[in-house]
Amino acid sequence: MTNNLTGNRALRIAILGSSQSGKSAVTVRYLTKRFIGEYSSSKDFFYHHSLTVDDVKTDVEIMDTSSCKCIYDHIAWADAFVVVYSICDKDSFHEARQLLQTIAMYKGARRLPIILLGNKRDLEHNREVAVDDGQELSLLWQCQFYEVSAAESYIGVSLAFQSLIREAKPSALLKTLPPMRRKTSPAMIGKMIGIVFGKTGSKSSRNGKKRPSLSI
Ligand SMILES: Nc1nc2c(ncn2[C@@H]2O[C@H](COP(=O)(O)OP(=O)(O)OP(=O)(O)O)[C@@H](O)[C@H]2O)c(=O)[nH]1
């Protein structure tokens, strides 16, 4: 049986980061499994992607943002974020830190589905940002952290996106569920929790809470 877990609206993911950090390369690698060297950087690119989460079809909209557009519009639009920097560019890492602050400020301090992505890991000889720096920043903002190379591998990029979609789904779903009626019975609440976290067998997650397993 398949239906769309997030109601009629697709899960919206914004790819943010400084110019030349690899936003487009990461996005295209995830969607096509291929690496393309050069991309136009003057506008936002929208992609619609469908995947399966626990036998349920999930629609995702991915916005590969251009650095010249208004960041607030992008933040307001998205449910989840991939914040990209290049491990060979310290300035792009500072930009990523600034973006995490802006997202938290604009969306309220509550924990948001965000992946901090250190890209161009294949250029180790030009590294300017230590792995620890990325880990420290992700701890500070309570977000997930991955180092990847869009040029070299699909797997790392795919795992990062899968992990973000898994984390984003319950909150996105809660946004589209009907507003709670005052007289919501305990049975109704149990049913809604069952929808959000899935009834099928599930893997325990980092904080011990039950989470549905994810298959792409
Ligand atoms: N070696 C290496 N180069 C990469 C990698 N990812 C992207 N690049 C290169 O970095 C440059 C910028 O990549 P883009 O994906 O266009 O970066 P962007 O963040 O979309 O840049 P703007 O469009 O200017 O915002 C291109 O020359 C890519 O080929 C990577 O993982 N490794």
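Preceding this section is the structure that the text describes.
Residues numbered from 1 in each chain as written. Predicted model: local features only at pLDDT ≥ 70, side-chain atom pairs only at ≥ 80, totals over all residues. Heavy atoms only, no water.

So, on to the overall build of the chain. When you go through the chain residue by residue, the secondary structure sums to six helices and eight strands. Shown N-terminal to C-terminal, the secondary structure of the chain runs as helices and strands in the order β-α-β-β-α-β-α-β-α-β-α-α-β-β. A buried classification covers 45% of the 216 residues belonging to the chain. In the chain, 71% of the contacts between residues at least 6 apart in sequence involve partners at least 24 apart. Total accessible area on the chain stands at roughly 11,600 Å², and carbon and sulfur atoms take up 55% of it. (Helix = DSSP H or I, 4+ residues; strand = E, 2+ residues; numbered from the N terminus. Buried < 20%, exposed > 50% of the residue type's maximum accessible area, 1.4 Å probe, protein only. Contact = heavy atoms within 4.5 Å. Areas by Shrake-Rupley, 256 points an atom, 1.4 Å probe, with all protein chains shown as cover.)

This part covers the packing of aromatic side chains. Aromatic rings in a pair are described by how distant their centres are and how their planes are angled relative to each other. Inspection of every chain in the model, using the stated rule, returns four aromatic pairs. Centroid distance Y30 to F161: 4.2 Å. Interplanar angle 5°. Geometry classified as stacked. Separated by 131 residues along the polypeptide, Y30 in helix α1 (residues 23-32) and F161 in helix α5 (residues 155-176) bring together distant segments of the chain. Assigned by exposure class, Y30 and F161 land together as buried. Between the aromatic rings of Y85 and F93, the centroid separation amounts to 4.9 Å while the plane-to-plane angle is 70°, which identifies the pairing as edge-to-face. Overall, the relative accessible area of 0% leaves Y85 in the buried class. (Phe/Tyr/Trp six-rings, centres within 6.5 Å; stacked < 30°, edge-to-face > 60°.)

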